[in-house]
Amino acid sequence: MPSAATTEADATALGAGAVVVGGDNLGIVSTGPNATNTQYRKVLPDQVLRPVEEVTAPPGLVNVPLHDGVFVGRHGDLATIETILAAEGDAPLVVAAVHGLGGVGKSTLAARCAIRWSARAGGPHPVWWITADSASAVQAGLAGLATALQPELSEALPLEALAERAVAWLAAHRGWLLVLDNVTDPADVAMLLARRLKGRIVVTSRLAEGWHRYGAHLLRLDVLTEPQAVELLLRIADHLDADDGEAADLCRELGYLPLAVEQAAAYLHQTRLTPARYFEFLRDNPAVMYDQTARGSDAMRTIARIWRITLDSLADTPLAGHLLRTLAWWAPEAIPRTLLDPANPAKVTTALGALAAYNLVVLDADTVTVHRLVQAVARTPDPGDPHRRPTDIDFARYLATGLLNQARPHDAEDPARWPIWRALLPHIEALSDHTDPASDILVSADLLSWTARFLLSQEDVHRAIAYCERVLAIHGRLLGELHPETLTSRNNLAEAYLAAGNLQRAVPLFERTLAEREGVLGDDPEILASRNNLASAYLTAGDVQQAIPLLERVVADSERVLGDDHPRTLASRNNLAAAYRAAGDVKQGIPLFERALAERERELGEDHPNTLESRNNLAIAYWESGDVQRAIPLFERVVADSERVLGDDHPRTLAFRKTLAGARAERDMRQMIPLFERALAERERELGEDHPDTLESRNNLATVCWAAGDVQRAIPLFERTLADSERVLGDDHPLTEAVRARLNMARE
């Protein structure tokens, strides 16, 4: 075969069937003795470039890249692909497009499918793998197929001619499988998918969109389940104990993403670390660990680098990266789409669509879901990554905080707003958990302060305390210890301590706040709130001697300064009524409870939680005053309203229900007292006052009186019965011991 430039005469000398390639031609040109082009570089005998229909693939033509053999949890997906490829029998071309997040295992699945196809097909049915991340890579891969089919063409034809000959061969033969791995743009493989080929193609891509144009069957690959991820980790890091719960914890933190689990497992195997230690490294040095591979692994296939390449593909949609960094600060699931910049819904929707197309997010009509590891990488600063510059990540955190604060309701106690609070709460918690408290801003304090109020309305006092403590720290650091906002946050923290029953912390904090407000604010309504709160703390502590005078002053000042109907006036009046009741003066408290209830019904509505609380307080006052006829129906209404407004499982509903049950039982007990009185009188008359049966009847009467709430009558009866039982039956008699125990409980 001539290697120098070949003239027309040379071509003629080879014969009429020769094929000439080169020069300005872009492909393969058959010529005869009349060819006139004088710039040919090579002239090939016609038997070399025989028709592609006559070219048979050598047996075992397979170039699938080797994987490590660890194949976990994808058997159902593998069966789905194989069903797709086999379903249409002799159809000209079947395309299966496997898409999913970078690192989810698409290539591993495709490789396993290709190996199994090769084992079944056998013979002259090539299984050819092309890394298809660019048009030039696709062309090179096809050229490689052409030279694998006919090695003698390797130096004879230009790249584009080899690629075209490979496509022609694919159009002329059946039974082959082509894998186009890691396609970034469907246009790069369009020249294949749009041709009338006769085999099977498996496409893997992070891109979920565009494949419908080619009639592709789509398969979205998701992360592993927890058991599958743990199995993958333990099969690679085989030095670990299979029963070690740390493995599951680490896999959960990695979001069950196969590549992340593989990276961690290889690193653990190499370093012989425990999962808990790797977890610590991940927490303390996330930027390093997300870009770390074990020795011998592909350094370019790290989580951070794979997703960096994906975001590079979205350069024409700059808002996409900005949104992803913002989404990274919230919880991974059920992020309301309305959170995301409602001022530009069209632009946001377009950017979300671009992220979803590359499987970086999952969309439904109302919410966004982001893989937790995508979030973790996206909020980890890396000066070397243009998508994770520290200033951009800081800005995203500020924006995530502001958007949540803008979306949260301005009333934490209105049940009608609670569904919104519940939808936002996971994202507020995630933002709080992921943010260094030293980076908190004033908007953070506003958001967390309102969130603490909502948590208190749900009786979730421990989380409320944590947020109140953080808010106080923010205000103290940014505004100063005596700023009015700092004093308010200190008061709110004291309220949270009080709700938790921690009087040792609540009372001193209320006292300090009141003293500082009096020193800083002078005559200000906030001082009335501090006095009311301190009095409530005294009352909760049982110190009615300090509570009542302070509350009487607060009520009078509130009526004068704020007005009779102000919510704070109503609250202080309700607290004063409770103080009178606690002091044993129930009758003085009842008018205040009635007035507080009427005013709250008028100002807040009959279903507001504070109104329900007032109604319950009035019912208790009626009950304690002996007015059972008014108390029980009011208790029943409170329970019914609370079940309807707050829900069956709300802590207040449970408390109201318990109070109603106790009142009903106590009422039943009171109705039983005359029966026990008659039984005691009959036994005293028939058996005498010292007979054991008489002592038993007296103990029963005392017990019923105690259960009915009549402690003043129960204790003397217990005391007399105990003295008589010790004298008649002895100190160690079971009845004596039982009476002694009940007397002690009644005295508590």
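Here the structure is a predicted model, which means the values were calculated and not measured.

Reading guide: rules and limits
Residues numbered from 1 in each chain as written. Predicted model: local features only at pLDDT ≥ 70, side-chain atom pairs only at ≥ 80, totals over all residues. Heavy atoms only, no water. Helix = DSSP H or I, 4+ residues; strand = E, 2+ residues; numbered from the N terminus. Rg over C-alpha atoms; globule rule 2.2 N^0.38 Å. Contact = heavy atoms within 4.5 Å. Areas by Shrake-Rupley, 256 points an atom, 1.4 Å probe, with all protein chains shown as cover. Lys, Arg positive; Asp, Glu negative; His and termini not counted. Charge placed at Lys NZ, Arg CZ, Asp CG, Glu CD. Buried < 20%, exposed > 50% of the residue type's maximum accessible area, 1.4 Å probe, protein only. Pairing = 2+ DSSP bridges. Axes fitted to C-alpha atoms, helices over the stretch in contact; angles between N-to-C directions. Parallel < 35°, antiparallel > 145°, perpendicular 65-115°, else oblique. Left-handed = near helix turned anticlockwise from the far one by under 90°. Phe/Tyr/Trp six-rings, centres within 6.5 Å; stacked < 30°, edge-to-face > 60°. Lys NZ or Arg CZ within 6 Å of the ring centre and 35° of its normal. Polar contact = N/O pair within 3.5 Å; in protein donor to acceptor, adjacent residues only side chain to side chain. Core = buried A, V, L, I, M, F, W, Y, C linked by side-chain atoms within 4.5 Å. Expected span 1.5 Å × (residues − 1). Salt bridge = Lys/Arg side-chain N within 4 Å of Asp/Glu carboxyl O.

What should I look at first to understand the overall build of the protein in this one?
Helix and strand counts for the protein come out as 31 helices and 11 strands. Relative to the 2.2 N^0.38 estimate, which gives 27 Å for 748 residues, the radius of gyration of the protein is 40 Å and therefore markedly larger than a compact globule would have. Projected onto the principal axes, the alpha-carbon positions of the protein cover approximately 140 × 65 × 45 Å. If you take every contact in the protein between residues at least 6 apart in sequence, the share linking residues at least 24 apart comes to 65%. Total accessible area on the protein stands at roughly 33,800 Å², and carbon and sulfur atoms take up 52% of it. Side chains of the protein carry 75 positive and 104 negative charges; the gap between the two charge centres is 2 Å.

Explain the environment of Leu207 here, please?
Within the secondary structure, Leu207 is located in the loop between strand E7 (200-205) and strand E8 (217-220). Here Leu207 falls in the buried class, since its relative accessible area comes to 9%. Sequence spacing of Leu207 and Thr184 is 23 residues, and the spatial spacing of their C-alpha atoms is 6.7 Å. Setting aside chain neighbours within four positions, we find Leu207 in contact with His99, Thr184, Pro186, Ala357, Tyr358 and Asn359.

Sorry, what's going on with the sheet that holds strand E11 (residues 367-370) here?
Think of a sheet as strands paired side by side through backbone hydrogen bonds, with each pair either parallel or antiparallel. If you trace the 3 strands from one edge of the open sheet to the other, you get E9-E11-E10, paired in antiparallel fashion. At either end of the open sheet lies a strand with only one pairing partner, and these are strand E9 (335-336) and strand E10 (361-363). By the bridge criterion, 3 bridges tie E10 to E11 in an arrangement that is antiparallel. When the sheet's bridge partners are listed, Val362 is paired in E11 with Thr369. Strand contacts of helix H13 (residues 318-327): E9, E10 and E11, with the helix running at about 80° to E11, the strand carrying the most contacts. Of the strands in this sheet, E10 and E11 are in contact with helix H14 (residues 345-357), which crosses E10 at around 115°.

Can you walk me through the packing of helix H29 (residues 692-707) against helix H31 (residues 734-747) in this structure?
The angle between the axes and the distance between the axes are what describe a pair of packed helices. Axis separation between H29 and H31 bottoms out at 11 Å; the angle between their running directions is 20°. On the basis of their axis angle, the class for H29 and H31 is roughly parallel. In this structure, the crossing between H29 and H31 has a hand that is left-handed. Contact residues: Pro692, Leu695, Glu696, Asn699, Thr703 and Trp706 in H29; Leu735, Val739, Arg742, Met745 and Ala746 in H31.

Explain the sheet that holds E7 here, please?
Spatial ordering of the open sheet is given by E5-E6-E7-E4-E8, a layout of 5 strands whose pairing is parallel. The open sheet has two edge strands with one neighbour each: strand E5 (127-131) and E8. Pairwise comparison of adjacent strand axes, ignoring direction, gives a mean angle of 15° for this sheet. Here strand E6 (residues 177-181) runs beside E7; their pairing, made up of 4 bridges, is parallel. Bridging from a neighbouring strand, Leu180 pairs with Val203 of E7.

Teacher, can you tell me more about the packing of aromatic side chains here?
Aromatic ring pairs: the centre-centre distance and the angle between the two ring planes describe each pair. Per the stated rule, a full pass over the model turns up 4 aromatic pairs. Plain terms: the ring middles of Trp418 and Phe454 are 6.5 Å apart, the flat faces sit at 70° to each other, and that makes the pair edge-to-face. Of the two residues, Trp418 is situated in helix H17 (residues 418-434) and Phe454 in helix H18 (residues 442-457); the sequence distance between them amounts to 36 residues. Plain terms: the ring middles of Trp706 and Phe718 are 6.3 Å apart, the flat faces sit at 80° to each other, and that makes the pair edge-to-face. Of the two residues, Trp706 is situated in helix H29 and Phe718 in helix H30 (residues 711-728); the sequence distance between them amounts to 12 residues. Judged by relative accessible area, which is 26%, Trp706 ranks as partly exposed. Here the aromatic cluster, defined as three or more aromatic residues joined through ring pairs, consists of Trp418, Trp421 and Phe454. Positioned over the ring face of Trp329 is Arg397, at 5.5 Å from the centre of the ring.

Would you take a moment to explain the pairing of E5 for this structure?
Looking along a regular strand, one sees side chains alternate from face to face of the sheet. Of all 5 residues that make up E5, 4 are buried, and the element is covered over most of its length. Across 5 bridges, E5 lies against E6 in parallel orientation. When the bridges of E6 are listed, Trp129 appears paired with Val179.

I'm lost on the side chain of Ser457 in this one. Help?
Mapped onto the fold, Ser457 is located in helix H18. Looking at Ser457, the relative accessible area reads 5%, which means it is buried. Here Ala412 takes part through its backbone oxygen, which lies 3.4 Å from a polar atom of the side chain of Ser457. Non-local contacts of Ser457, meaning those with residues more than four positions away in its chain, are made with Ala412, Trp418 and His650.

Explain the side chain of Asp181 here, please?
Its location among the elements puts Asp181 in strand E6. For Asp181, a relative accessible area of 8% corresponds to the buried category. In terms of polar contacts, Asp181 uses its side chain to reach the side chain of Thr204, at 2.5 Å.

What is the right way to look at the nonpolar core in this model?
Within soluble globular proteins, side chains that are nonpolar tend to cluster in buried spots. If you look at the biggest cluster of nonpolar residues, it comprises 166 residues, and the most contacted ones within it are Trp307 and Trp330. The element best represented in this core is helix H27 (residues 628-645), accounting for 8 residues. With residues up to four places along the chain from it excluded, the contact list for Trp330 reads Ile335, Leu339, Leu340, Gln375, Ala400, Leu403, Leu404, His427, Ala430 and Leu431. If you look at the next biggest cluster of nonpolar residues, it comprises 39 residues, including Leu49, Val55, Leu142 and Val167.

Got a minute to help me understand the pairing of E6 in this structure?
For E6, the buried fraction is high: 5 of the 5 residues fall into the buried class. Residues Leu177, Val179 and Asp181 of E6 are buried on one face, and the alternating residues Leu178 and Leu180, pointing to the opposite face, are buried as well.

Can you walk me through H31 in this structure?
Quick reminder: α-helices carry 3.6 residues per turn. Residues three or four places apart thus point the same way. When the terminal C-alpha atoms of H31 are compared, their 20 Å separation across 14 residues agrees well with the 20 Å that a helix rising 1.5 Å per residue should span. Turning to H31, the residues buried within the fold contact H29 and H30.

For this particular structure, what's the right way to read the pattern of salt bridges?
Side-chain pairs of opposite charge can arise whenever the charged atoms involved come near each other. Per the stated rule, a full pass over the model turns up 55 salt bridges. Its salt-bridge partner being Arg195, residue Glu164 comes within 3.4 Å of it at the nearest N-O pair. Of this pair, Glu164 sits in helix H5 (residues 159-172) while Arg195 sits in the loop between helix H6 (190-193) and E7, and the two are 31 residues apart along the sequence. Residue Arg573 is joined to Glu599 by a salt bridge in which the shortest nitrogen-to-oxygen separation is 2.4 Å. Of this pair, Arg573 sits in helix H24 (residues 567-582) while Glu599 sits in helix H25 (residues 586-603), and the two are 26 residues apart along the sequence. With relative accessibility at 0%, the residue Arg573 sits in the buried group. Through salt bridges with shared partners, a single ionic network connects Glu601, Glu606, Asp607, Arg615, Arg637, Asp641 and Arg644.

Sorry if this is basic, but what is going on with unusual backbone geometry here?
Excluding glycine, residues mostly carry a negative phi; peptide bonds, for their part, are mostly trans. The backbone of Tyr256 shows a phi angle near 60°, a positive value even though the residue is not glycine. In this structure, Tyr256 sits in the loop between helix H8 (245-253) and helix H9 (258-271). For Tyr256, a relative accessible area of 17% puts it in the buried group. Positive phi values are uncommon outside glycine, yet Asn359 reaches one of about 60°. For Asn359, a relative accessible area of 6% gives the class buried.

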